[in-house]
Amino acid sequence: MEAEVKIGEVAVADETPGPSQESEPAPAENPSRLLIFNTLVDKFLEGLVEAGSYQRFARCYKKFYRLQPEMTRSIYDQFVFQLQTSIKEEIQEIKDEGNLEMLLDSLDKMEETGDRTDLAWRPSGVPEEDLRSHLVPYLLQQRSYLRKLLKEREEENAKLAQSVLLGRKRIEEMQQEIERRKQAWQELSKSQRELILSIQEPK
(Lines give C-alpha, C1' and ligand atoms only; values in the text may rest on other atoms or scores of the structure.)
Protein backbone atom coordinates (compact mmCIF):
# COMPACT_ATOMS: atom_id res chain seq x y z
CA MET A 1 0.00 0.00 0.00
CA GLU A 2 2.77 2.40 0.90
CA ALA A 3 4.49 1.71 -2.39
CA GLU A 4 1.33 2.51 -4.32
CA VAL A 5 1.02 5.83 -2.54
CA LYS A 6 4.60 6.73 -3.38
CA ILE A 7 4.05 5.79 -7.01
CA GLY A 8 0.98 8.04 -7.01
CA GLU A 9 3.01 10.85 -5.59
CA VAL A 10 5.50 10.58 -8.43
CA ALA A 11 2.61 10.70 -10.88
CA VAL A 12 1.43 13.96 -9.33
CA ALA A 13 4.79 15.48 -10.06
CA ASP A 14 4.55 14.28 -13.65
CA GLU A 15 0.92 15.25 -14.30
CA THR A 16 0.69 18.59 -12.50
CA PRO A 17 4.11 20.20 -12.75
CA GLY A 18 4.53 23.29 -10.63
CA PRO A 19 5.99 26.52 -11.88
CA SER A 20 9.46 25.58 -10.65
CA GLN A 21 9.43 22.26 -12.46
CA GLU A 22 9.30 23.90 -15.85
CA SER A 23 12.52 24.86 -17.58
CA GLU A 24 13.60 28.12 -16.03
CA PRO A 25 15.71 30.67 -17.85
CA ALA A 26 19.14 31.48 -16.54
CA PRO A 27 18.93 34.10 -13.78
CA ALA A 28 19.73 37.61 -14.90
CA GLU A 29 22.56 39.53 -13.33
CA ASN A 30 20.16 42.13 -11.91
CA PRO A 31 16.68 40.58 -11.95
CA SER A 32 13.76 42.95 -11.76
CA ARG A 33 11.65 43.20 -8.63
CA LEU A 34 8.64 41.86 -10.51
CA LEU A 35 10.61 38.79 -11.59
CA ILE A 36 11.76 38.25 -8.01
CA PHE A 37 8.19 38.60 -6.77
CA ASN A 38 6.84 36.10 -9.32
CA THR A 39 9.65 33.68 -8.49
CA LEU A 40 8.80 33.88 -4.79
CA VAL A 41 5.15 33.17 -5.56
CA ASP A 42 6.14 30.13 -7.63
CA LYS A 43 8.42 28.87 -4.89
CA PHE A 44 5.64 29.33 -2.37
CA LEU A 45 3.21 27.30 -4.49
CA GLU A 46 5.85 24.62 -4.97
CA GLY A 47 6.44 24.39 -1.24
CA LEU A 48 2.71 24.31 -0.62
CA VAL A 49 2.24 21.33 -2.96
CA GLU A 50 5.20 19.54 -1.38
CA ALA A 51 3.81 20.12 2.11
CA GLY A 52 0.48 18.68 1.05
CA SER A 53 1.82 15.74 -0.98
CA TYR A 54 -0.33 12.96 -2.30
CA GLN A 55 1.27 10.57 0.19
CA ARG A 56 0.06 12.64 3.13
CA PHE A 57 -3.30 13.16 1.49
CA ALA A 58 -3.77 9.41 1.07
CA ARG A 59 -2.73 8.76 4.64
CA CYS A 60 -5.47 11.09 5.86
CA TYR A 61 -8.07 9.08 3.93
CA LYS A 62 -6.74 5.52 4.24
CA LYS A 63 -10.09 3.77 4.11
CA PHE A 64 -11.27 5.70 1.08
CA TYR A 65 -7.90 5.19 -0.64
CA ARG A 66 -8.07 1.43 -0.14
CA LEU A 67 -11.53 1.34 -1.68
CA GLN A 68 -11.03 3.90 -4.46
CA PRO A 69 -7.34 4.66 -5.10
CA GLU A 70 -7.98 6.15 -8.55
CA MET A 71 -10.79 8.35 -7.23
CA THR A 72 -8.55 9.48 -4.37
CA ARG A 73 -5.88 10.45 -6.87
CA SER A 74 -8.38 12.36 -9.01
CA ILE A 75 -9.72 14.25 -5.98
CA TYR A 76 -6.18 15.14 -4.96
CA ASP A 77 -5.29 16.41 -8.43
CA GLN A 78 -8.41 18.58 -8.57
CA PHE A 79 -7.75 19.87 -5.06
CA VAL A 80 -4.17 20.89 -5.87
CA PHE A 81 -5.21 22.50 -9.15
CA GLN A 82 -8.04 24.49 -7.56
CA LEU A 83 -5.79 25.54 -4.66
CA GLN A 84 -3.04 26.82 -6.97
CA THR A 85 -5.56 28.56 -9.21
CA SER A 86 -7.31 30.33 -6.34
CA ILE A 87 -4.03 31.49 -4.80
CA LYS A 88 -2.77 32.81 -8.14
CA GLU A 89 -6.06 34.64 -8.75
CA GLU A 90 -5.97 36.27 -5.32
CA ILE A 91 -2.34 37.34 -5.79
CA GLN A 92 -3.18 38.75 -9.23
CA GLU A 93 -6.10 40.71 -7.74
CA ILE A 94 -3.74 42.18 -5.14
CA LYS A 95 -1.26 43.11 -7.87
CA ASP A 96 -3.99 44.73 -9.95
CA GLU A 97 -5.59 46.64 -7.07
CA GLY A 98 -2.28 47.98 -5.80
CA ASN A 99 -0.85 48.53 -9.29
CA LEU A 100 2.06 46.47 -8.04
CA GLU A 101 3.70 45.79 -11.37
CA MET A 102 4.01 49.47 -12.25
CA LEU A 103 5.32 50.31 -8.77
CA LEU A 104 7.97 47.61 -8.92
CA ASP A 105 9.03 48.74 -12.39
CA SER A 106 9.26 52.35 -11.19
CA LEU A 107 11.45 51.25 -8.28
CA ASP A 108 13.74 49.45 -10.71
CA LYS A 109 14.00 52.58 -12.88
CA MET A 110 14.67 54.79 -9.85
CA GLU A 111 17.42 52.43 -8.73
CA GLU A 112 18.99 52.40 -12.18
CA THR A 113 18.86 56.20 -12.38
CA GLY A 114 20.28 56.53 -8.90
CA ASP A 115 23.14 54.18 -9.70
CA ARG A 116 24.10 56.29 -12.71
CA THR A 117 23.80 59.80 -11.30
CA ASP A 118 23.97 59.69 -7.50
CA LEU A 119 27.11 59.09 -5.57
CA ALA A 120 26.89 56.97 -2.45
CA TRP A 121 27.65 58.75 0.81
CA ARG A 122 31.00 57.96 2.35
CA PRO A 123 32.16 58.97 5.83
CA SER A 124 34.81 61.66 5.97
CA GLY A 125 36.70 59.98 8.78
CA VAL A 126 35.84 62.73 11.30
CA PRO A 127 32.74 61.67 13.28
CA GLU A 128 32.03 65.22 14.47
CA GLU A 129 31.89 66.56 10.92
CA ASP A 130 29.76 63.66 9.69
CA LEU A 131 27.34 64.13 12.56
CA ARG A 132 27.22 67.88 11.98
CA SER A 133 26.60 67.46 8.26
CA HIS A 134 23.58 65.30 9.03
CA LEU A 135 22.25 67.18 12.05
CA VAL A 136 22.64 70.79 10.89
CA PRO A 137 20.19 70.58 7.95
CA TYR A 138 17.70 68.76 10.16
CA LEU A 139 18.04 71.30 12.98
CA LEU A 140 17.71 74.21 10.55
CA GLN A 141 14.58 72.66 9.14
CA GLN A 142 13.19 72.17 12.63
CA ARG A 143 14.03 75.76 13.57
CA SER A 144 12.24 77.04 10.49
CA TYR A 145 9.23 74.90 11.30
CA LEU A 146 9.16 76.07 14.93
CA ARG A 147 9.43 79.71 13.88
CA LYS A 148 6.55 79.25 11.48
CA LEU A 149 4.54 77.52 14.18
CA LEU A 150 5.35 80.28 16.68
CA LYS A 151 4.26 82.96 14.21
CA GLU A 152 0.97 81.15 13.62
CA ARG A 153 0.38 80.86 17.36
CA GLU A 154 1.18 84.55 17.88
CA GLU A 155 -1.28 85.52 15.16
CA GLU A 156 -3.94 83.30 16.71
CA ASN A 157 -3.26 84.76 20.15
CA ALA A 158 -3.52 88.28 18.73
CA LYS A 159 -6.88 87.44 17.16
CA LEU A 160 -8.08 85.92 20.43
CA ALA A 161 -6.91 88.97 22.38
CA GLN A 162 -8.74 91.24 19.95
CA SER A 163 -11.87 89.14 20.34
CA VAL A 164 -11.58 89.37 24.12
CA LEU A 165 -11.24 93.15 23.98
CA LEU A 166 -14.25 93.43 21.70
CA GLY A 167 -16.20 91.17 24.03
CA ARG A 168 -15.28 93.28 27.05
CA LYS A 169 -16.27 96.44 25.22
CA ARG A 170 -19.65 94.98 24.33
CA ILE A 171 -20.16 93.91 27.94
CA GLU A 172 -19.37 97.44 29.16
CA GLU A 173 -21.78 98.91 26.63
CA MET A 174 -24.49 96.49 27.74
CA GLN A 175 -23.86 97.35 31.40
CA GLN A 176 -24.12 101.05 30.62
CA GLU A 177 -27.32 100.46 28.67
CA ILE A 178 -28.75 98.47 31.57
CA GLU A 179 -27.79 101.23 33.99
CA ARG A 180 -29.46 103.89 31.80
CA ARG A 181 -32.64 101.85 31.55
CA LYS A 182 -32.58 101.25 35.29
CA GLN A 183 -32.31 104.98 35.99
CA ALA A 184 -35.04 105.73 33.47
CA TRP A 185 -37.29 103.15 35.12
CA GLN A 186 -36.56 104.53 38.56
CA GLU A 187 -37.39 108.07 37.42
CA LEU A 188 -40.58 106.82 35.78
CA SER A 189 -41.59 104.99 38.95
CA LYS A 190 -40.87 108.07 41.04
CA SER A 191 -42.99 110.23 38.72
CA GLN A 192 -45.85 107.72 38.93
CA ARG A 193 -45.75 107.71 42.73
CA GLU A 194 -45.77 111.50 42.85
CA LEU A 195 -48.68 111.60 40.46
CA ILE A 196 -50.63 109.07 42.53
CA LEU A 197 -49.93 110.97 45.72
CA SER A 198 -51.05 114.26 44.19
CA ILE A 199 -54.30 112.69 43.10
CA GLN A 200 -54.94 111.12 46.50
CA GLU A 201 -54.39 114.33 48.55
CA PRO A 202 -57.25 114.94 51.04
CA LYS A 203 -59.75 117.61 50.12
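Further up the page is the structure itself.
An account of the accompanying structure is given in this report. It should be emphasised that the depicted structure is a prediction, and the values quoted were computed from it without experimental measurement.

Scanning the protein chain for helices and strands turns up seven helices and zero strands. Traced from its N-terminal end to its C-terminal end, the protein chain shows the element sequence α-α-α-α-α-α-α. Taken across its 203 residues, the protein chain has 14% of its residues classed as buried. Within the protein chain, counting contacts between residues at least 6 apart in sequence, those at least 24 apart form 68% of the total. Carbon and sulfur atoms provide 57% of the accessible area of the protein chain, an area that totals close to 17,500 Å².

A word on the environment of Leu 103. With respect to the helices, strands and loops of the structure, Leu 103 is situated in helix α6 (residues 100-117). Its relative accessible area of 42% is what places Leu 103 among the partly exposed residues. Separated by 70 residues in sequence, Leu 103 and Arg 33 have C-alpha atoms that sit 9.5 Å apart.

Attention now moves to the packing of helix α2 (residues 33-51) against helix α5 (residues 69-97). Running from N to C, α2 and α5 cross one another at 155°; their axes reach a closest spacing of 11 Å. Here α5 runs roughly antiparallel to α2, going by the angle between their axes. Relative to α5, the crossing made by α2 is right-handed. Of the residues in α5, those touching α2 at Leu 34, Phe 37, Asn 38, Val 41, Phe 44, Leu 45, Leu 48 and Val 49 are Tyr 76, Val 80, Leu 83, Gln 84, Ile 87, Lys 88, Ile 91 and Lys 95. Of the residues in the contact of α2 with α5, the class split is twelve nonpolar, two polar and two charged.

Taken together, the side chains of Tyr 61, Phe 64, Met 71 and Ile 75 present a nonpolar region at the surface, about 370 Å² in accessible area. For Phe 64, a relative accessible area of 35% corresponds to the partly exposed category.

Counting across every chain of the model gives five aromatic pairs. When the ring of Phe 57 is compared with that of Tyr 76, the centres are 5.4 Å apart and the planes differ by 55°; the resulting orientation is tilted. Residue Phe 57 is located in helix α3 (residues 54-60), and its partner Tyr 76 is located in helix α5; the two are separated by 19 residues in the primary sequence. The two residues Phe 57 and Tyr 76 agree in class, both being buried.

Moving on, we get to the nonpolar core. Tyr 54, Phe 57, Ala 58, Tyr 65, Tyr 76 and Val 80 together form the largest nonpolar core, which totals six residues. For this core, the elements supplying multiple residues, two or more each, are α3 and α5.

We now examine the pattern of salt bridges. Tallied over the entire structure, the rule returns four salt bridges. Its salt-bridge partner being Arg 153, residue Glu 156 comes within 3.9 Å of it at the nearest N-O pair. Within this pair, Glu 156 and its partner Arg 153 are both found in helix α7 (residues 127-199), separated by three residues, close to a single helical turn. Its relative accessible area of 41% is what places Arg 153 among the partly exposed residues. Two residues, Glu 177 and Arg 181, come together in a salt bridge whose shortest N-O distance is 3.1 Å. Within this pair, Glu 177 and its partner Arg 181 are both found in helix α7, separated by four residues, close to a single helical turn. A relative accessible area of 59% means that Arg 181 is categorised as exposed. Here the residues in one salt-bridge network are Glu 177, Arg 180 and Arg 181, joined through shared partners.

Cut-off values and rules
Residues numbered from 1 in each chain as written. Predicted model: local features only at pLDDT ≥ 70, side-chain atom pairs only at ≥ 80, totals over all residues. Heavy atoms only, no water. Helix = DSSP H or I, 4+ residues; strand = E, 2+ residues; numbered from the N terminus. Buried < 20%, exposed > 50% of the residue type's maximum accessible area, 1.4 Å probe, protein only. Contact = heavy atoms within 4.5 Å. Areas by Shrake-Rupley, 256 points an atom, 1.4 Å probe, with all protein chains shown as cover. Axes fitted to C-alpha atoms, helices over the stretch in contact; angles between N-to-C directions. Parallel < 35°, antiparallel > 145°, perpendicular 65-115°, else oblique. Left-handed = near helix turned anticlockwise from the far one by under 90°. Nonpolar A, V, L, I, M, F, W, Y, C, P; charged D, E, K, R; others polar. Patch = residues over 30% accessible without salt bridge, like charges linked within 9 Å, V, L, I, M, F, W, Y side chains within 5 Å. Salt bridge = Lys/Arg side-chain N within 4 Å of Asp/Glu carboxyl O. Phe/Tyr/Trp six-rings, centres within 6.5 Å; stacked < 30°, edge-to-face > 60°. Core = buried A, V, L, I, M, F, W, Y, C linked by side-chain atoms within 4.5 Å.

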